[in-house]
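As a plain string of letters, each chain reads:
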Amino acid sequence: MKGKKRSSLSRILDYAGRHKALTVFGCILSAVSSVMGLIPYICIWFVARTAIEAWPDLSNASDMERFGWTAVWFAVGSIVVYFAALMCTHIAAFRTARNMRRSSMEHVLTLPLGFFSGSQTGRLRKLIDDNAALTEDLLAHKLPDIAGAAVAPAAAVVMLFLFDWRMGIMCLITMALAFLSMLMMMGGKNAGFFHRYQQEIERMSAEAVEYVRGIPVVKMFQQTVYSFKAFYSAIKDYSNLASEYAMSCRVGETFFLTFINSAFVLLIPAALIFASGTDVRIVFVNFIFYALFAPACGQMINRIMYMSQSVMEADEAVCRLDEILRQKPMQTGGNVKCPKSHSIEFKKVVFTYPDTERPALDNVSFKVEPGQIVALVGPSGGGKTTAASLIPRFWDVDSGSVLIGGADVRDIDNKELMENVAFVFQNARLFKESIFENIRAGKPDASRQQVLDAAHEARCDDILEKLPDGIDTVIGAKGVYLSGGECQRVALARAILKDAPVVVLDEATASLDVENESAVQSAISGLIKGKTVLVIAHRMRTVAGADKIVVLENGRVSQQGTPEKLIAENGFYRCMVQLQSSSDKWSL
């Protein structure tokens, strides 16, 4: 039997840890503050009664000052207690939001590396950071207000019947009608608005990041924002959703504001009727109390409306964070193994990307012996990068196995796997740090001299010479910007420093000019010396010296063997070599 589903608020409070008690105490103080804030209205009734009974000689109204000061002290006390409540909830909220971010990031670090290449950075940032900030606002401000909004109406209903139950009913009717109007706004098709609203903001944030990244293309081809239909569509959908919701609330909001402020419409004729059959002075005192207290009851209804919004925000924040927490972490087999050598082997590997039906790799088998250089070639979309990404476990296979030294990569400890494999991407990933720190990321405990030696082997000397602070120059924001070839050489220096026995090169020389390609090729020669290498390339001349070539077409191995053997066969490899040979003779 399944357990009862826990509320979003209780799940959020789980992140508070030992500060959960502080949150609860802050809410109790807020509830006390709300009740204390109602006491001055009672004092006003006593002041009015004393003044009217003593009229016209107010010198006999000795109790007026006492009731007045009592009202002041309760009002001040309510503010002080509420301030203390907010101090408690703020402290707890900051710690809770921090714990939520930490838990999310700790889980993210356990996910397959492919998760990051497949997720938009703007969306991922919003899922973690913005939703944690949403819960921070909820716990710091709205949760104590919820506590006050829950207790104050109950106390207010008691007070409505304290002096004249008939006038109390008049006020209660307007409160009930206002509450029904509020439900009309928030029910029906508007019930799921906040969920859709958050989805549209998330989508717009993600598309904005992608659009900003493409601004150089927009400027180059003199295009407008309309060229980026996804971003424009996200903005329009967000605008339409917000406008549609605002328009749908017109009737409900009109009735809500009318009823919340209509107590006088009932109280004035009621007071005139009641005064005809009893002491006019008492009726007048009661009228003063209810005339002042009715607007306060209206504010309580407003707070209840915001309370329901806060609950929706809590549900949405937890739901969004669950999108990350539901992602399955990268699992290591129960029987942890160590590679016996540095060979790479694919055994009948089948892999399909999430949310797709057609396998990217279908029954792929080949082997790279220790110290061998094996090239993966084939048409775009043939599965080359996919195959390479399975070695460092960007993704895990659906069936079959990827082995390093005879051990399935899923059974190798993740830290040991990362130490054994160096992956050089087609687009170098550099941090907004100094070049020194970017290189040392390959081996965090490396000495400065080791980093300098790696930079030298990667042919980075000319790069460092022209920079203002040499190897300590910061890259990116508030720093310098390197060309594509220069970034590639820094990334190769990182891989050289790591000195892993298995090297995977994914189009490392693609889109480079002749000078940079020569420098990068020279650096690669130093990197792969004595290593087991799997290289992906489109330029056939870059893999002519490989020990073996594996041709991947449509996710399947169509050919494999030495370059000489494949040249002799009438297959894809021979066709590619002939095409590139003829293209080298092209001229303008």
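Every value quoted in this text rests on a predicted model; they were computed, and no experiment measured them.

Caption draft 1: Representation of the nonpolar core within the structure. Formed by 43 residues in total, the largest nonpolar core has its most connected members in Ile-435, Ile-439, Ile-471, Leu-482, Leu-505 and Ile-549. Of all the elements, helix H19 (residues 484-498) adds the most residues to this core, at 7 residues. For Ile-439, the contacting residues outside a window of four places in its chain are Val-451, Ala-454, Ala-455, Ile-471, Val-490, Ala-493, Arg-494 and Leu-497.

Caption draft 2: Here's a closer look at the side chain of Asn-420. In this structure, Asn-420 sits in helix H15 (residues 414-420). Residue classification places Asn-420 among the buried residues on the basis of a relative accessible area of 12%. When sequence neighbours within four positions are dropped, the list of residues in contact with Asn-420 reads His-342, Ala-500, Pro-501 and Val-502.

Caption draft 3: Structural view of the pairing of strand E9 (residues 548-553). A large share of E9 lies buried, amounting to 5 of its 6 residues. Of the pairings in the sheet, the one linking strand E3 (residues 373-377) to E9 comprises 4 bridges and is parallel in character. Its bridge partner lying in E9, Leu-376 is registered against Val-550. Pairing analysis gives 5 bridges linking E9 to strand E10 (residues 556-561), with the strands arranged antiparallel. Counted as the bridge partner of Val-550 is Gln-560 from E10. The loop that links E9 with its antiparallel partner E10 comprises 2 residues; one of these, Asn-554, has a positive phi angle of about 55°.

Caption draft 4: Focus on the packing of aromatic side chains. Under the criterion given, the structure shown has 6 aromatic pairs. Judged by centre distance (4.6 Å) and plane angle (15°), the rings of Phe-346 and Phe-366 are stacked. One end of the pair, Phe-346, is in strand E1 (residues 344-351); the other, Phe-366, is in strand E2 (residues 361-368), with 20 residues separating them in the sequence. In this structure, Phe-346 and Phe-366 share a single accessibility class: buried. Seen from their ring centres, Phe-394 and Phe-423 are 5.3 Å apart, and the 25° between their planes marks the pair as stacked. Of the two residues, Phe-394 sits in the loop between helix H14 (384-389) and strand E4 (399-404) while Phe-423 sits in strand E6 (residues 421-424), which places them 29 residues apart along the sequence. For the pair formed by Phe-394 and Phe-423, the shared burial category is buried. A connected cluster of aromatic rings, assembled from ring pairs, spans Phe-351, Tyr-353 and Trp-395. One residue, Arg-448, lies across the ring of Phe-436, its end atom 5.1 Å from the ring centre.

Caption draft 5: Quick look at the side chain of Lys-531. With respect to the helices and strands, Lys-531 occurs in the loop between helix H20 (514-527) and strand E8 (532-536). A polar contact of 3.0 Å, which involves the side chain of Lys-531, links it to the side chain of Asp-499. Those residues in contact with Lys-531, other than ones at most four positions away along the chain, are Gly-371, Gln-372, Asp-499, Ala-500, Pro-501 and Val-503.

Caption draft 6: View of the sheet that holds E2. In spatial order, the strands read E2-E1-E4-E5; together these 4 strands make up an open sheet with antiparallel pairing. Strands at the two margins of the open sheet, each flanked by one partner only, are E2 and strand E5 (407-408). Strand direction decides the pairing type here: E1 and E4, joined by 5 bridges, are antiparallel. Each residue of the ladder has a partner; that of Phe-346, found in E4, is Val-402.

Caption draft 7: How the structure looks around the environment of Tyr-15. Looking at the secondary structure, you find Tyr-15 in the loop between helix H1 (8-14) and helix H2 (20-36). For the pair Tyr-15 and Arg-102, spaced 87 residues apart in sequence, the C-alpha to C-alpha distance is 9.9 Å. When sequence neighbours within four positions are dropped, the list of residues in contact with Tyr-15 reads Thr-96, Asn-99, Met-100, Ser-103 and Leu-325.

Caption draft 8: Up close: the sheet that holds E6. The strand order across the open sheet formed by 6 strands is E6-E7-E8-E3-E9-E10, and the pairing between neighbours is mixed. Pairing within the sheet leaves two strands with one partner each, and these edge strands are E6 and E10. When the angles between neighbouring strand axes are averaged without regard to direction, this sheet yields 15°. With 5 bridges joining them, strand E7 (residues 502-506) and E8 adopt parallel strand pairing. Each bridged residue has a counterpart across the sheet, and for Val-504 the counterpart in E8 is Leu-534.

Caption draft 9: Inspection of the pattern of salt bridges at higher detail. For the structure shown, the criterion picks out 10 salt bridges. Note that Arg-489 is salt-bridged to Asp-462, the shortest N-O span being 3.0 Å. One end of the pair, Arg-489, is in helix H19; the other, Asp-462, is in helix H18 (residues 461-466), with 27 residues separating them in the sequence. The exposure class of Asp-462 is partly exposed, given its relative accessible area of 39%.

Caption draft 10: Quick look at unusual backbone geometry. One non-glycine residue with positive phi stands out, namely Asp-499, at about 55°. Within the secondary structure layout, Asp-499 lies in the loop between H19 and E7. In this structure, Asn-554 is a non-glycine residue whose phi angle is positive, near 55°. Of note, Asn-554 is situated in the loop between E9 and E10.

Caption draft 11: Seen up close, H19. In a regular helix each residue adds 1.5 Å, so 15 residues correspond to 21 Å; H19 covers 21 Å between its end C-alpha atoms and thus fits that length. Extensive coverage of H19 is indicated by the burial of 13 of its 15 residues. One or two positions beyond H19, positive phi appears at Asp-499, with a value near 55°.

Caption draft 12: Structural detail: a positive patch on the surface. On the surface, a cluster of positive charge is contributed by Arg-18, Arg-95, Arg-98 and Arg-102. Topologically, Arg-18 is positioned in the loop between H1 and H2. By relative accessible area, Arg-18 is classed as exposed at 76%.

Caption draft 13: Geometry of the packing of H2 against helix H4 (residues 63-108). Relative orientation of the contacting elements H2 and H4 amounts to 160°, with a least axis distance of 8 Å. Relative to H4, the element H2 lies roughly antiparallel. For the crossing formed where H2 meets H4, the hand is left-handed. Between H2 and H4, the residues in contact are Leu-22, Thr-23, Phe-25, Gly-26, Cys-27, Leu-29, Ser-30, Val-32, Ser-33 and Met-36 and Phe-74, Gly-77, Ser-78, Val-81, Tyr-82, Ala-84, Ala-85, Cys-88, Thr-89, Ile-91 and Ala-92, respectively. Across the contact of H2 with H4, the residue classes break down as 14 nonpolar, 7 polar and no charged.

Caption draft 14: A look at the environment of Ile-528. Take Ile-528: it is sitting in the loop between H20 and E8. Remark: the alpha-carbon pair of Ile-528 and Ile-373, spanning 155 residues in sequence, is separated by 8.4 Å. Leaving out residues up to four positions away in the same chain, Ile-528 has contacts with Ile-373, Leu-505 and Val-533.

Reading the values: rules and limits
Within every chain, residues take consecutive numbers counted from 1 along the sequence as written. Only residues with pLDDT of at least 70 are given local features in this predicted model, and only at 80 or more are side-chain atom pairs given and counted; all residues enter the totals for whole chains, interfaces and linings. Processing note: side-chain calculations cover all non-hydrogen atoms of the structure and skip hydrogens and water entirely. Residues belong to one nonpolar core when they are buried, are Ala, Val, Leu, Ile, Met, Phe, Trp, Tyr or Cys, and are joined through side-chain atoms within 4.5 Å. The rule is simple: take the accessible area with a 1.4 Å probe, protein chains only, and divide by the maximum for that residue type; under 20% is buried, over 50% is exposed, in between is partly exposed. Think of it this way: any DSSP run of H or I at least four residues long counts as a helix, any run of E at least two long counts as a strand, and we number them from the N terminus. The contact definition used throughout considers only heavy atoms, calling two residues in contact when any of these lie within 4.5 Å. We treat two strands as partners when DSSP finds at least two bridges between them. By convention, a stacked pair of Phe, Tyr or Trp rings (six-membered ring in the case of Trp) has centres within 6.5 Å and planes under 30 degrees apart, an edge-to-face pair has planes over 60 apart, and any other such pair is tilted. Placement of a positive charge over a ring is assigned whenever Lys NZ or Arg CZ falls within 6 Å of the ring centre and within 35 degrees of the normal to the ring plane. Identification of polar contacts relies on pairs of N or O atoms within 3.5 Å, with a donor-acceptor requirement for protein atoms, meaning one able to donate a hydrogen and the other able to accept it, and with residues adjacent in sequence counted only if both atoms are side-chain atoms. To obtain an axis, a line is fitted to C-alpha atoms, over the contacting stretch when the element is a helix, and the angle between two such axes runs from 0 to 180 degrees between their N-to-C directions. Throughout this description, the term salt bridge denotes a Lys or Arg side-chain nitrogen within 4 Å of a carboxyl oxygen of Asp or Glu. Helix span, as expected, comes to 1.5 Å for every residue beyond the first. A residue counts toward a patch only above 30% relative accessible area and without a salt bridge, and it is joined to like-charged neighbours within 9 Å or, for Val, Leu, Ile, Met, Phe, Trp and Tyr, to nonpolar neighbours within 5 Å. Surface accessibility in these figures is a Shrake-Rupley result with a 1.4 Å probe; residues are shielded only by whichever protein chains are displayed. Under the convention used here, Asp and Glu are negative, Lys and Arg are positive, and both His and the chain ends fall outside the count. Each charge is placed at NZ for Lys, CZ for Arg, CG for Asp and CD for Glu. Any angle that is under 35 degrees is reported as roughly parallel, and any over 145 degrees as roughly antiparallel; angles of 65 to 115 degrees are reported as roughly perpendicular and all others as oblique. Two helices crossing with the near one rotated counterclockwise from the far one by less than a right angle form a left-handed crossing, whereas a clockwise rotation gives a right-handed crossing. Think of it as three bins: nonpolar holds Ala, Val, Leu, Ile, Met, Phe, Trp, Tyr, Cys and Pro, charged holds Asp, Glu, Lys and Arg, and polar takes everything else, Gly as well.

Everything listed here is a matter of geometry and, on its own, says nothing about what the molecule does.
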